[in-house]
Each structure stands twice: as C-alpha cells, then as structure tokens.
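Per-entry structural report
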Amino acid sequence: AKDSSAVKQRQLRHKLIAKHIATWALRAGAERAETEAKYLDRFGKKRPDVDIILGHRRLLVDVAVVHPTCKTYVRDASAPLGACRYMIDVKLDKYDVMASYLDADVVPAVLETYGALTSDCISLFKAIANYSFEDPYCLWTREEIYKGLVLDVSTTLQIWNSRLINAHITYIDE
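No experiment lies behind these values; they were computed from the predicted model shown.

1. Observations regarding the sheet that holds strand 2 (residues 50-54)
- Judged by pairing direction, the sheet is mixed, and its 4 strands sit side by side in the order 1-2-3-4 without closing on themselves. Taken across any chain shown, the strands that pair with only one partner, and hence form the sheet edges, are strand 1 (32-35) and strand 4 (105-112). The mean angle between the axes of side-by-side strands here comes to 20°, regardless of whether they run parallel or antiparallel.
- One ladder, built from 5 bridges, connects strand 2 with strand 3 (residues 57-66); its direction is antiparallel. Each residue of the ladder has a partner; that of D51, found in strand 3, is L60.
- Relative to the sheet, helix 2 (residues 82-102) contacts strand 3 and strand 4, its axis offset from that of strand 4 by approximately 160°.

Listed below in structure tokens is the structure:
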C-alpha cells in the first residue's frame, strides 16, 4: 500500500507543477498552454507535460523532480545539480524527434526535491514572464509572473514532499 500511495502522490506533485507552469504561461498571454496533449506524437505515446506556444516559439515542457540521493543519481549528484543534468539529458533524448517534427524546443523543467531549480527551468520561467510584454492587455507584470511561477512551483514541491514524508512515516508506524 505504501508504494502505490507514494507513486500516486509523486504523480500528483508532478501534474500540479505542470499545471502551474501552464496556468502562468496563459496568464502571460501564451497562445497555448495545454497539459499532456495526446496528439503530438504521431508514432507513439509520448506526451510532454505542457505544450506552450509563445508567439513564434513552441515549447515542449517536460517536468521532472529528482531526488539527488536516490541510488540512480547518487554518483551524478556529487556535482551541483548533477542528478538533474542526468535527467535533463534523458528528457532531451526522449523528445528530440518530436520537437524536430513540430519545430519546437524541448524544455526540461527539472527540479531537485530539495528545491533547487535548474538553469533550464529558470530560463523557462523567464521566457514565460518576458512574453507578458507581447500582450498589451496582460493583467500581470513580468515580475509578478516570474515570482508567481517560482512561488507556486516551489510551494507545490515542498508541500507534496512533506506529504510523501508523512505518508512514509504513517506507513512505518502501522
């Protein structure tokens, strides 16, 4: 029961982070910000977490939360954000063909469970915030959009991390 509950909670944390990114992209005036679009991969079942169109740029965003002390990443984690770098490479490889076909950029939005954001994630947030200048009717300032993205994503990450820890402690106590 513990494993299935933890998996579901990690999946929910993942989906909520993707939804925050899509919501803020729309607030910034994005023409499109759709989560888990099913029709993008003509040859398989790959679905990036968010498909964003900012003017002439199409971004295929795939979210990942990496725990650097996990056995899979511990060797890479000896360097700052090393575990995240490994996951970024995985995401870039996964969506390379799709991005080429769609004339899009793959943007791995990778975070550490401890809260660190990768430079790709920060660049994504800045690109979304900067796009607000394109819409003269945007109700949000660039700073509000950027801070909103960072706050919502970071808060969601930490809240769901604590829920995962609490679920594990409850399981041990039973």
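2. Considering the nonpolar core
- Ranked by size, the top nonpolar core spans 30 residues in total, and within it I21, I52, V61, L124, F125, I128 and I145 carry the most contacts.
- Secondary-structure elements contributing two or more residues to this core are helix 1 (2-27), strand 2, strand 3, strand 4, helix 3 (119-131) and helix 4 (142-173).
- Leave out the neighbours within four places in its chain, and I21 touches I52, V61, V63, A109, L124, F125, I128, L149 and V153.
- Formed by 9 residues, the second largest nonpolar core is a distinct cluster that contains A37, L40, Y95 and V106.

3. Some points on the confidence of the model for the protein
- Across the protein, the average pLDDT comes to 89, with 94% of residues at 70 or higher.
- Between the elements of the protein, mean pLDDT differs from a low of 86, seen in helix 4, to a high of 97, seen in strand 2.

4. Quick look at the pairing of strand 3
- Most of strand 3 is tucked away, with 8 of its 10 residues classed as buried.
- Counting the residues in the hairpin turn of strand 2 and strand 3 gives 2 residues, including G55, whose phi is positive at 65°.
- Taken together, the 8 bridges between strand 3 and strand 4 define a ladder with parallel strand orientation. Residue V61 lies in a different strand from strand 4, and its bridge partner there is V107.

Cut-offs applied
Residues numbered from 1 in each chain as written. Predicted model: local features only at pLDDT ≥ 70, side-chain atom pairs only at ≥ 80, totals over all residues. Heavy atoms only, no water. Pairing = 2+ DSSP bridges. Helix = DSSP H or I, 4+ residues; strand = E, 2+ residues; numbered from the N terminus. Axes fitted to C-alpha atoms, helices over the stretch in contact; angles between N-to-C directions. Contact = heavy atoms within 4.5 Å. Core = buried A, V, L, I, M, F, W, Y, C linked by side-chain atoms within 4.5 Å. Buried < 20%, exposed > 50% of the residue type's maximum accessible area, 1.4 Å probe, protein only. pLDDT = per-residue confidence, 0-100.

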